[in-house]
Amino acid sequence: MASCRKFFVGGNWKMNGRKNCLGELICILNSAKLPADVEVVCAPPSAYIDFTRQNLIPKIAVAAQNCYKAPNGAFTGEISPGMIIDLGATWVILGHSERRHIFGESDELIGQKVAHALTEGLGVIACIGEKLDEREAGITEEVVFKQTNAIAANVKDWSKVVLAYEPVWAIGTGKVATPQQAQEIHEKLRGWLQCNVCEMVAKSTRIIYGGSVTGATCRELASQPDVDGFLVGGASLKPEFVDIINAKQ
Ligand code: 13P
């Protein structure tokens, strides 16, 4: 049953916003009804982590959208988990499909980032998901299990990890997975955790869905037994994000 897992809703703002419009969004979130039994995390662009953390109510956590695998050094353009923590953020999104497919991040690099972020004390929203051609070729499970394996090999404490299933064909396309499609893969991922990690981790790890989630589609998705929340892109920049946070209410 999903009841032992706290519902988790993340807003991935991607490379969007400026102080004025993010400030407006933050005001809406600060005055919104946030149920006590939902964990809410917002992921601004790294340039606005400090601004977001300073202005958002403490009940809403802040995440970075990426980080590097080392604490310091000659890595121009990168930010480290230590810097993210220094700004008051507590989570990082890793392995997002845009990092994998636009910036060429490998399973190996994502695994190293997961290991370092967890060691430094960040919670990790670890993303996996198949591309359309992979789904059409019938290899969805194979793809997401391989991605999950590369992440799991670097996790010691699963209480700091949320697994985000984000089918690439559903991201930013308006083509949301059906509740049955999401449930099917979430259930299989939980089975994978059971076989390859342990029953306790399988039962307690939140598996959230991402890909064109909206206020209109969130309730039915949230009613699925293995859907423990959402990672929201476009709709997290709109007042509708509050409806998604309240999808289970
Ligand atoms: P959309 O909700 O815009 O499809 O994006 C999903 C996503 O990539 C969240 O990380």
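Residues numbered from 1 in each chain as written. Predicted model: local features only at pLDDT ≥ 70, side-chain atom pairs only at ≥ 80, totals over all residues. Heavy atoms only, no water.

In this section: the overall build of the chain. Along its length, the chain carries eleven helices and eight strands. Against the globule reference of 18 Å for 249 residues, the chain gives a C-alpha radius of gyration of 17 Å, in line with a compact fold. With respect to the three principal axes, the spread of C-alpha positions in the chain is 45 × 45 × 35 Å. Relative to its 249 residues, the chain shows a buried fraction of 53%. (Helix = DSSP H or I, 4+ residues; strand = E, 2+ residues; numbered from the N terminus. Rg over C-alpha atoms; globule rule 2.2 N^0.38 Å. Buried < 20%, exposed > 50% of the residue type's maximum accessible area, 1.4 Å probe, protein only.)

Turning to the packing of aromatic side chains, a few remarks are in order. Within this structure, the stated rule accounts for five aromatic pairs. Judged by centre distance (5.1 Å) and plane angle (70 degrees), the rings of Phe8 and Trp91 are edge-to-face. With a gap of 83 residues between them, Phe8 in strand S1 (residues 7-12) and Trp91 in strand S4 (residues 91-94) connect regions that are remote in the sequence. Relative accessible area serves as the criterion here: at 7%, Trp91 is assigned to the buried category. Across the ring face of Phe103, the terminal group of Arg99 is positioned such that the distance to the ring centre comes to 4.1 Å. (Phe/Tyr/Trp six-rings, centres within 6.5 Å; stacked < 30°, edge-to-face > 60°. Lys NZ or Arg CZ within 6 Å of the ring centre and 35° of its normal.)

Let's shift gears to the nonpolar core. Burial of nonpolar side chains together is a common tendency in soluble globular proteins. Grouped together as the largest cluster of nonpolar side chains are 65 residues, with contacts concentrated most on Leu29, Val92, Tyr209 and Phe230. Ranked by residues supplied to this core, first place goes to helix H8 (residues 179-196) with five residues. Other than its neighbours up to four places away in sequence, Phe230 contacts Phe7, Phe8, Val9, Gly10, Ile208, Tyr209, Val213, Cys218, Leu221, Ala222, Ile244 and Ala247. Membership of the second largest hydrophobic core comes to 13 residues, among which are Phe8, Trp91, Ile125 and Cys127. (Core = buried A, V, L, I, M, F, W, Y, C linked by side-chain atoms within 4.5 Å. Contact = heavy atoms within 4.5 Å.)

Residues in close proximity to the ligand total 13 residues, the closest being Lys14, His96, Gly172, Ser212 and Gly234. Within the side chain of Asn12, an N or O atom sits 3.0 Å from an oxygen atom of the ligand. One of the backbone N or O atoms of Gly234 is found 2.8 Å from an oxygen atom in the ligand. Coverage of the ligand by the protein amounts to 94% of the 310 Å² it exposes when considered alone. Across the shell around the ligand, the residue classes break down as four nonpolar, seven polar and two charged. (Near = heavy atom within 4 Å. Polar contact = N/O pair within 3.5 Å; in protein donor to acceptor, adjacent residues only side chain to side chain. Areas by Shrake-Rupley, 256 points an atom, 1.4 Å probe, with all protein chains shown as cover. Nonpolar A, V, L, I, M, F, W, Y, C, P; charged D, E, K, R; others polar.)

With that settled, consider the packing of helix H7 (residues 140-152) against H8. It is at 11 Å that the axes of H7 and H8 come closest, and there the two elements cross at 45 degrees. Judged by the angle between their axes, H7 and H8 are oblique. Crossing of H7 against H8: the hand is right-handed. Side by side, H7 and H8 meet where Thr140, Glu141, Val144, Phe145, Thr148, Asn149 and Ala152 of the first sit next to Ile185, Lys188, Leu189 and Trp192 of the second. In terms of residue class, the contact of H7 with H8 is made up of six nonpolar, three polar and two charged. (Axes fitted to C-alpha atoms, helices over the stretch in contact; angles between N-to-C directions. Parallel < 35°, antiparallel > 145°, perpendicular 65-115°, else oblique. Left-handed = near helix turned anticlockwise from the far one by under 90°.)

What follows deals with the pairing of strand S8 (residues 229-232). Because side chains alternate across S8, one face comprises the buried residues Gly229 and Leu231, and the other comprises Phe230 and Val232, equally buried. Note: S1 against S8, four bridges, orientation parallel. For Gly11, the partnering residue across the bridge sits in S8 and is Val232. (Pairing = 2+ DSSP bridges.)

Tracing the backbone through its elements, the reader meets Pro239 in the loop between S8 and helix H11 (240-245). Through-space distance from the C-alpha of Pro239 to that of Leu25 is 7.3 Å; in sequence the pair is 214 residues apart.

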